[in-house]
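# Architecture at a glance
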Amino acid sequence: MPAVTTSEPSSSDSTPRRPRPAYEKLQRRRLVGGLISPPPPEADQNADMESGDDIEGDPPMEMNVDEVPHYFPLPPKLTDEAVIKKSQASQTPTSWMNSRPPHRSIGIQSTLLTDPVPVPTLIKKAAAPRKPVSVCESVDDISTDSEEENEAIADPDYEPRESEEEDMLADDKPTAFVEMSDNNLTLLEEPKYLVTESSIRNLFSTCPKCGHEATCSKMVLGTLLSVTAVCKQCGTCRTWNNHPRVSGVPALNILLSGGILFTGSIPSKVFRLFRMLNIQCHTTRTFFRHQVQYLNEAVKKTWDEEQEQLLAATKEKELVLGGDARCDSMGHCAKFGTYVVMEMEVNKVLSLQTVQSNEVKSSYHMELEGIKRSKPLFQDHNVKALVTDRHRQVAKWIRESWKVPHYFDCWHIVKGLGKKLEKMAKKKALQPIRSWIKSIKYHLYWAVMSTPDGNPEVIREKWMGCVEHIQNRHGKCQHGPLEKQKMWLLEGTKVGDELFDVLTRKGFVNDVMKMSSLAQTSGVESYNSVLNHFAPKMVPFSYTGMRSRTQLAALHYNENAGRAQATSSTGEGRHRIDFPKHKSGGYTVKKILVRATYSKSRFFYPWLIIDEATVSCSLNMH
């Protein structure tokens with residue numbers, strides 16, 4: 001039978017092509033949009049022509065509704081009640097977009113369905129309530145009862161229904177009406193709400209006695225709003241304030257200033273947000289006045305009490321201290337330096353010293369001055385060891401003045417060695433070093449941590465065994481047969497000599513012998529990370545402002561140090577995969593800790609500082 005010539009160019013492939021999406025959508029609209037009658041013979045003929053089938057000599061095909069091709073989903077048979085509702089809803093046009101089933105991108109979008117897909121009826125079934133899922137739960141911990149929910153979790157492109165979106169946005173739904181009773185809450189504990197001026201004006205525009213119109217006037221002082229309403233008919237006058245005062249100072253002004261400081265926020269950004277939303281509040285100048293008059297002193301007093309309790313609790317035990325300095329800005333021109341001394345076993349900050357650069361010769365000397373100021377706090381304590389980085393001034397002063405066992409942190413030395421080797425490996429002639437960098441760093445960690453007593457001679461011998469191993473001499477090695485062999489670097493070659501010169505340098509070997517196997521300063525680095533939130537390096541602060549934010553970071557760290565590992569619904573410990581920068585694409589498995597105890601405890605540090613600030617405000621006013 002001769003083929004029919006179509007308007008499109010013929011393809012060399014004789015496989016019939018699928019109908020075009022535009023024609024398929026037209027057929028769907030005819031079937032679903034209320035036009036259940038089969039398409040006319042001309043449409044069928046056009047469809048056959050589009051698919052490349054031979055139609056010459058074939059009679060027009062009559063389409064039966066029950067024999068619709070598989071790519072046309074059949075509508076379900078409507079009950080009498082559904083027919084009535086459909087006739088009532090026929091006043092508005094029904095489009096295919098409104099009546100098609102919810103879309104999921106499971107598999108390929110163009111896959112043809114082998115079975116008819118029923119179109120949802122006009123009567124929507126109520127969605128089954130879903131179990132609320134915590135934000136910190138992983139996908140493995142979510143238990144679903146239906147296959148549909150499992151598919152939704154497995155498919156990242158899943159588009160939820162409206163009912164599921166409403167469940168996920170349950171916080172946006174209004175709560176049920178409850179009685180507003182007085183539970184003797186403090187102003188800090190009491191809920192607070194945002195309200196517009198028109199809503200307040202509606203409350204006071206009518207006199208409660210005679211019901212006539214009243215004239216409203218307002219007075220604004222920061223967050224304080226005072227409304228006075230005077231009736232035009234009977235002259236009744238009433239005054240309303242949105243919150244009380246503390247010794248004449250609006251209480252929410254103090255709370256807002258304290259909230260900005262205690263959360264480590266930047267006042268200029270917070271007040272810019274308020275101005276954008278036209279929320280009435282005090283100015284940045286008022287914030288700094290509150291900080292100087294009330295907040296800084298309250299923070300200092302709270303930290304002094306915390307520090308005194310910690311020093312008293314650790315007085316009878318041997319202390320393993322870790323110390324390190326942190327500058328307030330990047331580069332070598334810092335204005336402030338903060339020296340932190342932490343007890344590594346209890347993981348608590350014991351000492352904070354803020355040093356300004358003009359108090360010493362230069363910013364490089366701030367670290368030495370910080371540890372000198374920290375020494376008097378531990379005169380009555382038994383210091384078993386002190387772990388720091390390789391700051392030469394600090395090491396000499398500890399050796400001559402403090403005279404306690406001094407060790408170097410492993411991470412700082414390994415990091416410095418890794419940078420040197422990476423710089424060497426960038427040279428074309430020294431590229432074979434790159435394959436040994438990871439093994440050398442691991443061996444340095446092993447040489448120290450496998451020597452619990454910290455014997456420097458044993459650590460030295462273990463470290464020098466690395467040089468022998470790289471030359472394929474394994475007399476001092478403790479490993480078994482090697483499964484994978486790298487390119488051996490022999491002595492006498494350029495790459496071998498330059499590498500061994502770095503690994504066996506006298507000063508470096510002496511530092512390796514003083515590496516600590518007791519404890520590391522990772523806790524101090526964690527505190528510095530917290531301090532970056534409270535006092536970002538890109539924002540300048542005054543001396544008192546820097547001191548307060550440093551003490552706030554210490555209070556926050558001590559409050560949340562030593563948190564337990566979070567568990568799943570089955571009681572198993574939860575972990576996460578992290579991709580740190582120093583691993584260059586590698587990953588690390590870390591524990592997921594329980595949430596920080598921000599404001600769940602009445603003895604959480606902001607509550608204590610607010611109490612102190614309130615007392616200080618009252619005393620200053622009197």
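Residues numbered from 1 in each chain as written. Predicted model: local features only at pLDDT ≥ 70, side-chain atom pairs only at ≥ 80, totals over all residues. Heavy atoms only, no water.

### Focus on the sheet that holds strand S7 (residues 336–343)
Spatial ordering of the open sheet is given by S8-S7-S6-S9-S10, a layout of 5 strands whose pairing is mixed. Single-partner strands in this sheet number two, and they are strand S8 (348–356) and strand S10 (406–408). Taking each pair of neighbouring strands and ignoring which way they run, the sheet shows an average axis angle of 25°. Here strand S6 (residues 318–327) runs beside S7; their pairing, made up of 7 bridges, is antiparallel. Paired with Asp324 across the two strands is Val340, which belongs to S7. Helix-sheet contacts for helix H11 (residues 366–374) involve S6, S7, S8 and strand S9 (382–388), and the interaxial angle to S8 is about 130°. (Pairing = 2+ DSSP bridges. Helix = DSSP H or I, 4+ residues; strand = E, 2+ residues; numbered from the N terminus. Axes fitted to C-alpha atoms, helices over the stretch in contact; angles between N-to-C directions. Contact = heavy atoms within 4.5 Å.)

### A closer look at the environment of Leu386
With respect to the secondary-structure elements, Leu386 resides in strand S9. C-alpha of Leu386 to C-alpha of Ile398: the two residues are 12 residues apart in sequence and 9.1 Å apart in space. Those residues in contact with Leu386, other than ones at most four positions away along the chain, are Leu321, Gly322, Gly323, Ile371, Ile398, Trp402, Val404, Pro405, His406 and Tyr407.

### Thoughts on the pattern of salt bridges
Per the counting criterion, the structure on display carries 15 salt bridges. The partner of Arg434 in a salt bridge is Glu422, and the shortest N-O contact between them spans 2.9 Å. Of this pair, Arg434 sits in helix H14 (residues 434–449) while Glu422 sits in helix H13 (residues 410–425), and the two are 12 residues apart along the sequence. For Arg434, a relative accessible area of 42% corresponds to the partly exposed category. Using a relative accessible area of 32% as the deciding quantity, one classes Glu422 as partly exposed. Each member of the salt-bridge network shares a partner with another, and the members are Glu197, Arg201 and Lys218. (Salt bridge = Lys/Arg side-chain N within 4 Å of Asp/Glu carboxyl O. Buried < 20%, exposed > 50% of the residue type's maximum accessible area, 1.4 Å probe, protein only.)

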